[in-house]
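Summary of the model geometry
Next come the chains, spelled out residue by residue.
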Amino acid sequence: MRILLINPNTSVSITDRLMASASAAASRDTELVPVTAHRGVPYIASRIEAAIASNVVMELLAEHNDGIDGAIIAAFGDPGLGAARELMDYPVVGLAETGMLTACMVGKRFSIVSFARALAPWYRETVEWHQLVDRLASIRMPDTDFSNINDVQTEMQTTLVALAQSAVTEDQADVIVFGGAPLSGLVNEVINDIPVPVIDCAAAAVMQLETLIRLKLRRPIAGTFRRPPAKPSTGLPPELARRIGHQDH
């Protein structure tokens, strides 16, 4: 199977981290096709940045559609996930969704631990969108800023471990979810320092998506995520315009 791994951030280094984690978890017969956003911001941390990223994700899905069996929107806030499910015929998952749902399979309540205070409101709204508020123990963010997104794992590792430990002891979290594509792979470095399961969202995403692909679920013709009727458009990239106009077959 071929899985499209879309990094909605513009940082190629983040794509590399995502690929390393996802590749380690993928089955032998899975080919990951990495794509990095061609416009936007180095890392998404707010609603406006997520809105921009959502548009880019739609364009990349339409552009790289040939021969793809499923796609991962590889940013923790899952920008454009609902729209992607309306647009595409194959399964699409997000980092936050698969990370949180995996956490729910191994514990009653989970805490999200991430690297920047600015992310907290958007992440909470993401939890609400997925209707998992009752399973959320807490969202823990550091009080200090980081200096470089490419080095955030190394720079903040001690702080992130301390936040995870506090989530367990003070918030009664059964599982920790590391929120944010830049934290992909960090689980391997800190797994013995945190006394509960810790979810690497990139790994969870590829494994959950492989399952959905193998289930061969039908494309909905009714329900919330059915494909919208064909419609003309103006000024869109050709591949996306054809998909919205049902001219893609």
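Residues numbered from 1 in each chain as written. Predicted model: local features only at pLDDT ≥ 70, side-chain atom pairs only at ≥ 80, totals over all residues. Heavy atoms only, no water.

Each helix and strand in the protein chain was counted, giving nine helices and eight strands. The C-alpha atoms of the protein chain give 18 Å as radius of gyration, which agrees with the globular expectation for 249 residues (18 Å, within 12%). Expressed as lengths along the three principal axes of its C-alpha atoms, the size of the protein chain is roughly 55 × 35 × 35 Å. A buried classification covers 53% of the 249 residues belonging to the protein chain. At a minimum sequence separation of 6, the contacts of the protein chain that also span at least 24 residues come to 69%. If you sum the accessible surface of the protein chain, you get close to 11600 Å²; carbon and sulfur atoms cover 51% of it. (Helix = DSSP H or I, 4+ residues; strand = E, 2+ residues; numbered from the N terminus. Rg over C-alpha atoms; globule rule 2.2 N^0.38 Å. Buried < 20%, exposed > 50% of the residue type's maximum accessible area, 1.4 Å probe, protein only. Contact = heavy atoms within 4.5 Å. Areas by Shrake-Rupley, 256 points an atom, 1.4 Å probe, with all protein chains shown as cover.)

This part covers the pattern of salt bridges. Within the structure shown, the criterion is met by ten salt bridges. The partner of Arg214 in a salt bridge is Asp29, and the shortest N-O contact between them spans 3.4 Å. With Arg214 in helix α8 (residues 201–215) and Asp29 in the loop between α1 (12–25) and β2 (31–36), this residue pair connects regions lying 185 residues apart in the sequence. Here Arg214 falls in the partly exposed class, since its relative accessible area comes to 43%. Close ionic contact of Asp89 with Arg219 constitutes a salt bridge, the shortest N to O distance being 3.2 Å. Here the residue Asp89 occupies a position in the loop between α3 (81–87) and β4 (92–94), and Arg219 occupies one in the loop between α8 and α9 (238–244), the gap between them amounting to 130 residues. The class for Asp89 is partly exposed, based on a relative accessible area of 37%. On the basis of relative accessible area, Arg219 is assigned to the buried category, the value being 19%. Overlapping salt bridges, with partners in common, bring together Asp89, Arg219 and Arg243 in one network. (Salt bridge = Lys/Arg side-chain N within 4 Å of Asp/Glu carboxyl O.)

Here the focus is the side chain of Thr102. Tracing the sequence through the fold places Thr102 in helix α4 (residues 95–104). With a relative accessible area of 17%, Thr102 lands in the buried category. Apart from residues lying up to four places away in sequence, Thr102 is in contact with Ile199, Ala204 and Gln208.

It is worth spelling out the sheet that holds strand β6 (residues 136–140) at this point. In space, the four strands of this open sheet follow the order β6-β5-β7-β8, with parallel pairing throughout. Of all the strands in the sheet, the pair left with one neighbour each is β6 and β8 (198–199). In terms of strand pairing, strand β7 (residues 175–178) meets β8 through two bridges, oriented parallel. By the bridge assignment, Val177 is partnered in β8 with Ile199. On top of the sheet, helix α5 (residues 120–129) reaches β5 (110–113) and β6; it is set at about 160 degrees to β6, its chief contact. (Pairing = 2+ DSSP bridges. Axes fitted to C-alpha atoms, helices over the stretch in contact; angles between N-to-C directions.)

Before going further, it helps to examine the state of the cysteines. Scanning all chains against the criterion turns up zero disulfides. Left unpaired, Cys104 is separated from the closest cysteine sulfur, that of Cys201, by 12 Å. (Disulfide = S-S within 2.5 Å.)

Glancing now at the nonpolar core. Within soluble globular proteins, side chains that are nonpolar generally end up buried alongside one another. Judged by nonpolar contacts, the single largest core of 69 residues is most densely connected at Ile72, Phe110, Ile176 and Phe178. With near-sequence residues (within four places) excluded, Phe110 lies in contact with Met100, Ala103, Cys104, Leu132, Arg135, Leu136, Ala137, Ser138, Ala173, Val175 and Val177. Ile6, Leu61, Leu81 and Leu87 belong to the second largest nonpolar core, which has 21 residues in total. (Core = buried A, V, L, I, M, F, W, Y, C linked by side-chain atoms within 4.5 Å.)

Attention now moves to the pairing of strand β3 (residues 70–73). Residues Gly70 and Ile72 point to one face of β3 and Ala71 and Ile73 to the other, with burial holding for every one of them. Two elements, β3 and β4, share three bridges in a ladder whose sense is parallel. The partner of Ala71 across the bridge, within β4, is Val92.

A separate point is the side chain of Ser11. Inspection of the secondary structure puts Ser11 in the loop between β1 (2–7) and α1. The buried category is assigned to Ser11, whose relative accessible area is 9%. From its side chain, Ser11 meets the backbone oxygen of Pro42 in a polar contact 2.8 Å long. Sequence-distant contacts of Ser11, that is, excluding residues within four places in its chain, are made with Thr36, Pro42 and Ile149. (Polar contact = N/O pair within 3.5 Å; in protein donor to acceptor, adjacent residues only side chain to side chain.)

So, about unusual backbone geometry. With phi around 55 degrees, Asp78 is a residue other than glycine that occupies positive phi space. Position of Asp78 among the secondary structure elements: in the loop between β3 and α3. Here Asp78 falls in the buried class, since its relative accessible area comes to 6%. Residue His246 is not a glycine yet carries a positive backbone phi of 60 degrees. Its place among the elements puts His246 in the segment after α9.

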